[in-house]
Amino acid sequence: MLLLPLFAMALAHGNEPLLSFEKDIRPIFKAYCFDCHGAHEKPKSGLDLRQKRFAVRGGKTGAGLQEKDPDKSHLLQRMKSGEMPPVGKKVSADQIALVEQWILQGATTLRPEPDSLAPGIGITEDERNYWFFKPLIEPAAPLVKAQMKVRNPIDAFILAGLEKKNLGLNPEAPRRTLIRRAYFDLTGLPPTLEQVEQFEKDASPRAYENLIDTLLASPAYGERWARHWLDAAGYADTEGDAANDTARPYLYKYRDYLVRSLNQDKPWDRCIIEQLAGDELAPKPWDELPAAEKELLAATGFLRCGPDFTASGGGREEAEQTFTETLKITSSALLGLSVGCAQCHDHRYDPVSQEDYFRFRAIFEPAFNPAQWRRPGERQAALLTKPEREKSAQIEKEAQELAKKHQESTAAAIKTIFAKELEKVPDEMREPTKKAFDTAADKRTGEQKTLVEKNPKLNISPGLIYQYDTKVDEELKKMQAGVDAKRAGKPKEDFFAVTNEPSSPAPATRLHHRGDFNQPKQTVAAGDLAIATVHQASLWNCPEEKKGESSGRRLAFAKHLTSGNHAQFNRVMANRFWLHHFGQGLVDTPGEFGKLGVLPAHPELLDWLACQLPKNQWRLKVFHQLIMTSAVYRQSSAHRPAHDAVDNSNHLYGRYPLRRLEAEALRDSMLKVNQRLDLTLFGPAIALKEDASGVMHYPADQPRRTLYMQVRRHKPSSFLQTFDGPGLAPNCDKRVPSAGTPQALALMNGEFIRQEAGNLAALLATRAVDEKPRLTLAWQLVYQRTPTASEIKLVENFLQEAKATYLATKAKDPAQLAWTDLCQQLFASNEFLYLE
């Protein structure tokens, strides 16, 4: 019955879409007006815009709007004139036109409005039912026409969307394409020609599945997928404290923790719990923890990844800023929402209130607490065990005994030398001179100072003994070497960069008026966002359950988040893992699922995937297998005119998305092709080198995987920047590849590319003397295939012309330079740079 008037109005307006307050107008008012006219108990000028009926009633200046009469709607006219809002971004012309159209239509609402509302913006029915905030219910896989294409439910969901547009999937990609795709996806490295040929010849019905199992068992898998999560975590090996960009010597242990955890296939829910609250799981004293449990401390480096503006100074303001950036990272990475937008006022687009922001902040406040801030050096945990500390103390005691003997021997030697040298002083001056040297420098008389100056040979220090007695000097050096050798036997002191809570009571979290910490207001309880539990009986608040010295808040939140029932977390995680297999997410704004993000291309598939994670005990390797064995993943990347005409952006996944290798995979691939890649796992970050112009580079003599190169917040590697490495402001939810002048110039003129081209040319020269076998080997190493006849002819001509050019310039070794040019072209080719 309620819908009949609306239906009649829709007919009355013909084809013009019928607008409603709830769906079309309230979001505009919320973005531009609610901060003054709805967010607070006493709206400015008495004008409350949270309901249409309130807007009609108006405020001190009269009615805000009049149905069907835009000219007499005071609110609309003030928007048009730019008077509302009085400050900040103005309402756009399109949005003003929408408000005007709504008024002309009669200013309709979808449902009757209540007579009154509780203070604050609250959560509307439409916001409750926004797809991302709905409860997570596993959908059934749809029936599709192309049932023969369905390998698993993923294909059914994708085909259902395609078939609505009369489209279908591409044919399966060739085996060479599939093995390259699988290798890069799971290890970030190319296969060898032998591995490609073996896979192409494997007649087993499980050849592809066996390949995936092999790659998932590779140590390179953990390195590859750790890098993806490090982007979301905002990982850097420097603090980001302005120009100083202070080094973080211990955070690499968090990176190594991720690699180990992924290679062990540690359930992802457990990984998240450890990253948020590993310190609350690790029993004290920490110096008695076995090595496996110390990993719990390394895991908390997740909350230390963001910039720390207090590393080289600063006070409360910088501490607050550091805390704020950490909350931004945590909310975007885990909740898929820009919760930070509600720090100063209610979120303008999503149902996240300012109180929600501070409830979320309260979970982490005991560990950060800007009022009692701890700088990076104060948030470390020693790695030494109790027995190691006892051993170290014993060694130090013995070393001090040796050092004491060395000091005594040194003093005796100086005394003996001094006596001998004093004999050379005239008899009448010997006693006054001795007394002058025995007197402290600041208490010497003028006469004594003169005596000291006239007898420099009597000014004997340990470093000058060799000038008087080389034999005694050698004996003393041996004694000092013994002291140093003894101390060298001490267990090495090392630390974790940790997140933990001091033993003091948890601080109260107060809402800051306008986000200003100098204007604290009411205390808020720690808990999840209200919208996250809006479909449940009550808000989720952190239980006040201390875990040893800690408040227990982070652990309680982590368990709540990973319970399998947190719809937002499940969807965000499923989308992130999908993104790194296809280069695009089902929601292609992986850190923003709210109104500021994009809608999912296949919402039912996303929900189904989100349900599979807890059903499979959060085992990521099972999730990889699920995605990679689908027909959607295995299809060709070839373009089809009929498909492109309907879905040129490939949102429906009718072909595999072509994508360029990331910076790390590109560098690592060149090193592997050249057989120079050092596959050593783990270890401290390898520092970048700065050239004369201040540009940072990866050191040429360090062929480790790029994962182990230093990640800097300021002045990052030029190679990483050029090839669209992660932007750390403060984290990177998705890398956005670009193809333009910087990349072209780097491929043509970059020092690293040229160096590796030379290394490849040198390798080829040692492996094949004649030109054609060398060409074949080059193709096999770079492309994992043999060259075609036309390619051979083309390259032979290229080499001939290049040699002639170098000969004309009288360059040294023109043949090798020509081969270096060729190798550089191979590295710069699309076949090497792109993954089909």
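Here we summarise the structure given alongside this text.

Rules and cut-offs
Residues numbered from 1 in each chain as written. Predicted model: local features only at pLDDT ≥ 70, side-chain atom pairs only at ≥ 80, totals over all residues. Heavy atoms only, no water. Salt bridge = Lys/Arg side-chain N within 4 Å of Asp/Glu carboxyl O. Helix = DSSP H or I, 4+ residues; strand = E, 2+ residues; numbered from the N terminus. Buried < 20%, exposed > 50% of the residue type's maximum accessible area, 1.4 Å probe, protein only. 1 Å grid on protein atoms, 1.4 Å probe; cavity = no way out; pocket = protein on both sides within 12 Å on 5 of 7 lines; lining within 4 Å. Points joined across faces, edges and corners; volume = space filled by probe spheres on them. Nonpolar A, V, L, I, M, F, W, Y, C, P; charged D, E, K, R; others polar. Axes fitted to C-alpha atoms, helices over the stretch in contact; angles between N-to-C directions. Parallel < 35°, antiparallel > 145°, perpendicular 65-115°, else oblique. Left-handed = near helix turned anticlockwise from the far one by under 90°. Contact = heavy atoms within 4.5 Å. Lys, Arg positive; Asp, Glu negative; His and termini not counted. Polar contact = N/O pair within 3.5 Å; in protein donor to acceptor, adjacent residues only side chain to side chain. Phe/Tyr/Trp six-rings, centres within 6.5 Å; stacked < 30°, edge-to-face > 60°.

The next subject is the pattern of salt bridges. For the structure on display, the rule yields 63 salt bridges. A salt bridge links Arg487 to Glu396; its shortest N-O distance comes to 2.9 Å. Placement of the pair is Arg487 in helix H20 (residues 470–488) and Glu396 in helix H17 (residues 386–422), with a sequence separation of 91 residues. Looking at Glu396, the relative accessible area reads 18%, which means it is buried. As a salt-bridge pair, Glu501 and Arg554 come within 3.2 Å of each other at their nearest N and O atoms. You can see Glu501 sitting in the loop between strand S2 (495–497) and strand S3 (509–512) and its partner Arg554 sitting in helix H21 (residues 553–561), a full 53 residues away along the chain. Just as Glu501 is buried, Arg554 falls in that class too. It is possible to trace a salt-bridge network through shared partners that takes in Arg151, Glu172, Glu209 and Arg634.

Our focus in this paragraph is empty space enclosed by the protein. Vacant regions in the atomic arrangement are exposed by a probe of water-molecule size rolled over the atoms. Scanning the model with the defined rule gives six cavities of 30 Å³ or more in all. In this structure, the largest cavity spans a volume of roughly 100 Å³. Elements supplying a minimum of two residues to the lining of the largest cavity: helix H11 (219–233) and helix H22 (567–582). In the lining of the largest cavity, the residues fall into eight nonpolar, two polar and one charged.

Turning our eyes to something else, we now look at the packing of helix H31 (residues 771–783) against helix H33 (residues 814–827). Put simply, H31 and H33 touch, their axes get as near as 11 Å, and they point 30 degrees apart. The orientation of H31 relative to H33 falls into the category roughly parallel. The hand of the H31/H33 crossing is right-handed. Contacts from Glu771, Arg774, Leu775, Ala778, Trp779, Val782 and Tyr783 in H31 reach Gln816, Trp819, Leu822, Leu826 and Phe827 in H33. When the residues that make up the contact of H31 with H33 are grouped by side-chain class, the tally is nine nonpolar, one polar and two charged.

We now examine the side chain of Asp155. Along the chain, Asp155 turns up in helix H7 (residues 153–163). Despite being buried, Asp155 has no salt bridge partner; Arg151 is the closest side chain of opposite charge, sitting 5.8 Å away. A distance of 2.9 Å separates a polar atom in the side chain of Asp155 from the backbone nitrogen of Ala631. The residues touching Asp155, leaving out its near neighbours within four places in the chain, are Lys149, Val150, Ser630, Ala631 and Val632.

Moving on, we get to the packing of helix H15 (residues 316–335) against H22. The geometry of H15 relative to H22 is characterised by a closest axis approach of 7 Å and an angle of 80 degrees between their N-to-C directions. Classified by the angle their axes make, H15 and H22 are roughly perpendicular. The segment H15 lies against H22, with Ser332, Ala333, Leu334 and Leu335 engaging Gln568, Phe569, Val572, Met573 and Arg576. Of the residues assigned to the contact of H15 with H22, the class counts are six nonpolar, two polar and one charged.

What follows is about the packing of aromatic side chains. The way to describe two aromatic rings as a pair is by their centre distance and the angle between their planes. Here the structure, examined in full by the defined rule, presents 35 aromatic pairs. When the ring of Trp131 is compared with that of Phe593, the centres are 5.9 Å apart and the planes differ by 40 degrees; the resulting orientation is tilted. Taken together, the residues span a long stretch of sequence, with Trp131 in the loop between helix H6 (125–128) and H7 and Phe593 in the loop between H22 and helix H23 (603–615) at a distance of 462 residues. Given the relative accessible area of 16%, Trp131 is considered buried. With relative accessibility at 0%, the residue Phe593 sits in the buried group. Ring centres of Phe418 and Phe437 lie 5.8 Å apart, and the angle between their planes is 65 degrees; this geometry places the pair in the edge-to-face category. With Phe418 in helix H17 and Phe437 in helix H18 (residues 427–438), the pair connects residues that are 19 residues apart, well separated along the chain. Of the two residues examined, Phe418 and Phe437, each falls in the buried class. In this structure an aromatic cluster arises from ring pairing among Tyr130, Trp131, Phe132, Phe133 and Phe593.

Geometry only, nothing functional implied.
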